[in-house]
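# Understanding the architecture of this molecule
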Amino acid sequence: MHCMSGHSNFVSCVCIIPPSDLYPRGLIATGGNDHNICIFTVDNPAPLYVLKGHKNTVCSLSSGKFGTLLSGSWDTTAKVWLNDRCMMTLQGHTAAIWAVKILPEQGLMLTGSADKTIKLWKAGRCERTFTGHEDCVRGLAILSETEFLSCANDASVRRWQISGECLQVYYGHTNYIYSISVFPQGKDFVTTGEDRSLRIWKRGECAQTIRLPAQSIWCCCVLDNGDIVVGASDGIIRVFTESSERTASAEEIQAFENELSQASIDPKTGDLGDINADDLPGREHLKDPGTRDGQTRLIKDNGKVEAYQWSVSEGRWVKIGDVVGSSGATQQTSGKVLFEGKEYDYVFTIDVNESGPSYKLPYNITEDPWLTAYNFLQKNDLNPMFLDQVAKFIIDNTKGQTLGNTTTQFSDPFTGAGRYVPGSSSGSNTGSGADPFTGAGPYVPDSVSNTVGLAGKADLCIGRFFCGKCFHRLLSLLYFLYVGMGAYKSPAAKTENIYFPKKEAVTFDQANPAQILGKLKELNGSASEEQKLTEDDLIILEKILSTVCNTSAEAPTAQQLQTLWKAVNWPEDIVFPALDILRLSIRHPIVNENFCSEKDHVQFIILLLKFLNPKGKQANQLLALRALCNCFVSQAGQKLMMEQRDEIMTQAIELKSGSNKNILIALATLTLNYAVCLHKVSNIEGKAQCLSVISTVMEVVQDLEAVFRLLVALGTLISGDTNAVQLAKSLGVDSQIKKYASVSEPTKVSECCRFVLNLL
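Notes on the structure follow. Here the structure is a predicted model, which is why all the values come from computation and not from measurement.

Each value, and the rule that gives it
- Residues numbered from 1 in each chain as written.
- Predicted model: local features only at pLDDT ≥ 70, side-chain atom pairs only at ≥ 80, totals over all residues.
- Heavy atoms only, no water.
- Helix = DSSP H or I, 4+ residues; strand = E, 2+ residues; numbered from the N terminus.
- Buried < 20%, exposed > 50% of the residue type's maximum accessible area, 1.4 Å probe, protein only.
- Contact = heavy atoms within 4.5 Å.
- Areas by Shrake-Rupley, 256 points an atom, 1.4 Å probe, with all protein chains shown as cover.
- Polar contact = N/O pair within 3.5 Å; in protein donor to acceptor, adjacent residues only side chain to side chain.
- Arc of directions from axis to C-beta.
- Pairing = 2+ DSSP bridges.
- Axes fitted to C-alpha atoms, helices over the stretch in contact; angles between N-to-C directions.
- Parallel < 35°, antiparallel > 145°, perpendicular 65-115°, else oblique.
- Left-handed = near helix turned anticlockwise from the far one by under 90°.
- Nonpolar A, V, L, I, M, F, W, Y, C, P; charged D, E, K, R; others polar.
- Core = buried A, V, L, I, M, F, W, Y, C linked by side-chain atoms within 4.5 Å.

What follows covers the overall build of the chain. Within the chain one finds 19 helices and 31 strands. When the 760 residues of the chain are sorted by exposure, 54% land in the buried category. Long-range contacts, defined as pairs at least 24 residues apart, comprise 56% of the intrachain contacts of the chain with a sequence gap of at least 6. Counting only carbon and sulfur atoms, one obtains 49% of the accessible surface of the chain, whose full area is about 33500 Å².

Structure below.
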C-alpha cells in the first residue's frame, strides 16, 4: 500500500478506470479542489498525467469503456475525457454538478446538479431534463440500460426511466442523502446521508438501517461481493457484510457498539423527529421487541435521553447514542445561503450604479473581505476603484464577524474544513467534516436567501456535440452470427479500399448557368428599388458566372466581386439564385481568397450562417451548406473553415432533422471535408467533434448517399489514429453503422462500411 499525491488541495472524488491493453491493472482518477483530475497507475504514487480544464472544484467522476472519463464540477459543466485529452464540454446546468454517470451499454450520460435537475446527454446535446427533486441532486446510480436512481437534499430517492418518467419515490432518510450505490444484481441499493445512517433498500422498501457514530455519512459503495463500504465525517472507512466469513471479530464489533453508544445526537438535526423529553418512557420501554430492523426508540434514564435501535439479527436494542441539547439555530434558520451550488454565510446584492444591473456577492465569514471584494470586481469586470467601497460594505454588513481558530479531531477530506452541523450556529465550526459537494455545511432548504445566481459558462473544448454510446460486445457477437464472419475479415483480399482516407475535399460543381441567370432576372423584378440590380449588374454577374464555370483564364475583377456581394445580401425570400452563383464562384482561387481572407471573412461567415437557420427557406439552407463545402478547395477557405469549425458545425447540425435529402447530403459532405482537413493534422479535439456529428446525423439520416459520405468521413478520421479509433468505439459509432454492412445497393455503402468496421 502507498500514498498517492499530486493535488495541491483536497481530493473530492475518486474513480476507477477499468483495465485496458495498455494498463491491464486499470487506472485511478481523482478530482480535486485545485480544479484538476489526476490519473494514477496502481503501483506509482505520482500521477501518470493531470487533466486540466475545469474552472472550479472537480467533485464527481464516472468511467466508461475504452478509457472514457466523465467529470462534473462546481463550474457548472461536465467534461468528457479520453486518455489525456478533453473531448467534450457539456453545458446547460445553472449550478454545480455534483453527480455524473455513464450509462453502461447505451453510452448515454447523466449529470445531477445543485440546480435540482438531472440531464441526459447524447452527442454533447441535452436530450432530456428530469425534474421532480425539490432540492439539490447529490448522487446517481445505474439500475439497467433504461433505469437509474437519484438521491437529493430533499431526503428522497427517485427511480427514473431514461425516457423521462419518474417510476417511484422512496422515503426513509430524515436529512440530506449524499450517496447511493446499487447491489451487483442491479435491483436493490444502499444510501447514506446526514442523518448518521446507512440504509439498505430491498424490493422498494428500507429493509435495514445501520447507525454510525458520525453525523455525516458522505459516501457509500457496494463491492462486487455485496459488501458495503462507507466513509464518514469522523475520518473512518467502515465495511459491512452479510458474510459470516468476513464478519469482524467480537472485539471489533463491541468496540463499534461502544463508540456508537457514546455518540451524542443533536435533536436539532431532525434525525430522530421532534423530541419532548418529558413525554419519553423509561428503560422498561426496551423490554418490548422492535417491529422491524433499524427501528429507533428513545428513552429517558436518570434525566438523560438515550437512543436505541432494534437489531433483528441479534434480537435486542442497541444503543446508538445520547441525545443532547445544543444552542444555535434550527435547520431552517441556520443562515446558510446556496449560491451557484455552494454555500455561504451571506449573499449580498450589489448595485454599482442606479441604471446598471445588480450583482450577487457571496461571502463566508472565514474569508478576507478585501480579497473577496477584489475577486468580485474581477469576475464581473468592474472598475477596481470600487475595491475600498465593496470591502467596507462587506465589513459593515457582517459587523466584522470572523471565525476564530478551531481544532477538530478530523477534517473532511473533501474540503479540509470542519463540517457545518444543521442546527448549529452559523458562526461556529464545531463539526468534524464539511460537505464534499458544496465546500460548506449541507444546503438548508428555505434558508435566508432564495436567490440562486447563474454560474458563468466554462470555455468549450471542442463544441457541444457528444455521443457516448459504448461498444456492445453482445451485439457484436450477434452481428457475427447474422452477417457472417466475412464482414469482419480483412477485406483487402476481396476489394481494395478506394474510399478512405479521403485526401481532397468534395465539392458541388454541377450547374446550369442559363437557369440560374434566368431565375435571378425574374426575381430581380420583385426586389425593392434600392436592392434591385441594374442591367450592368446583371451583365457583370453573367460574366463572373461564365468565368468560374468555364475555367476561363480570365480572373474575376473587384467590381464583379462587389456586385456578387450586393446580390447575396438580397432578402431571404429571393436570394437563392445569388447564393448559387456564390456557391460556384467560391471555388475560384481569387474569389476564395477575397471572401475567406482575414479582412472579409467575418461578414462572409455571418452571412452563410444566417441562412442555416432551421426555420429558414430550404433552398437557402442547401446552397449555404454547399457554399461552405466548396470553401475547402483553396488554402484560404480551409483556414477559415477550420478556424470557425465550432460555430459552423454547431449551426449546421441543427439541420439534421429535416426531410430534404439534398440538405442531409450537403451536411454529410461538410462533415467529410472537415474530416479530410483533420486527417492531415494532430487535432483529437476536432476529430471528436466530427465523430460526434457523424454519430448524431447517423441516427436520423436515411438517404444512402448521405450515409456513404458519413462513412467515408468516419473512415478518414480514424485512419492511422489509435486515439480516434478508441474515441469512435466509446461513442458507439460501430454499433450505429453495422446495419449498413448488409446493404445490397449501392454496393459502395456496404463495402465502405466493412472497411470502417475492420478498423474498429
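Having seen the structure, we can now continue with the description.
Take the side chain of asparagine 33 next. Mapped onto the secondary structure, asparagine 33 falls in the loop between strand E2 (27–32) and strand E3 (37–41). A distance of 2.9 Å separates a polar atom in the side chain of asparagine 33 from a polar atom in the side chain of asparagine 9. Excluding anything up to four places from it in sequence, asparagine 33 contacts Asn9, Phe10, Thr57 and Trp74.

Take helix H7 (residues 558–568) next. By the burial criterion, the buried members of H7 are Gln560, Leu561, Thr563, Leu564, Ala567 and Val568. Axial view of H7: buried residues confined to an arc of 160°, hence all on one face. Exposed residues pointing more than 90 degrees away from the buried face of H7 are listed as Ala558, Gln559 and Gln562.

In spatial order, the strands read E1-E2-E3-E4; together these 4 strands make up an open sheet with antiparallel pairing. Every other strand in the sheet has two partners, leaving strand E1 (11–17) and strand E4 (49–51) as the edge strands with one partner each. This sheet shows a mean twist of 25° between the axes of neighbouring strands, independent of strand direction. Both E2 and E3 contribute to a ladder of 5 bridges, which runs antiparallel. Bridging across to E3, glycine 31 finds its partner in isoleucine 37.

It is worth spelling out the packing of H7 against helix H8 (residues 576–585) at this point. Their axes nearest at 8 Å, the elements H7 and H8 cross at an angle of 135°. By the angle class used here, H7 and H8 are oblique. Here H7 and H8 pass one another in a crossing that is left-handed. Judged by residue contacts, Leu564, Ala567 and Val568 of H7 engage Ala578, Leu579, Ile581, Leu582 and Ser585 from H8. Split into classes, the residues belonging to the contact of H7 with H8 amount to 7 nonpolar, 1 polar and no charged.

This part covers the nonpolar core. Generally speaking, a soluble globular protein has its nonpolar side chains buried in company with each other. Counting residues in hydrophobic clusters, the biggest one holds 116 residues, and the most contacted among them are Leu520, Phe604, Leu625, Leu670, Ile718 and Ile737. It is helix H14 (residues 661–679) that provides the largest number of residues to this core, a total of 13 residues. Those residues in contact with leucine 625, other than ones at most four positions away along the chain, are Leu612, Ala652, Leu655, Ile663, Ala666, Leu667 and Leu670.

By definition, the strands of a sheet pair up through backbone hydrogen bonds, in either a parallel or an antiparallel sense. What the 4 strands build is an open sheet, ordered E5-E6-E7-E8; its pairing is antiparallel. Whereas interior strands pair on both sides, the edge strands pair on one side only; in this sheet they are strand E5 (58–63) and strand E8 (85–90). Direction aside, the axes of adjacent strands within the sheet are offset by 25° on average. By the bridge criterion, 5 bridges tie strand E6 (residues 68–73) to strand E7 (residues 78–82) in an arrangement that is antiparallel. By the bridge assignment for E7, glycine 72 is matched with alanine 78.

Any functional reading would require information beyond the geometric quantities listed.
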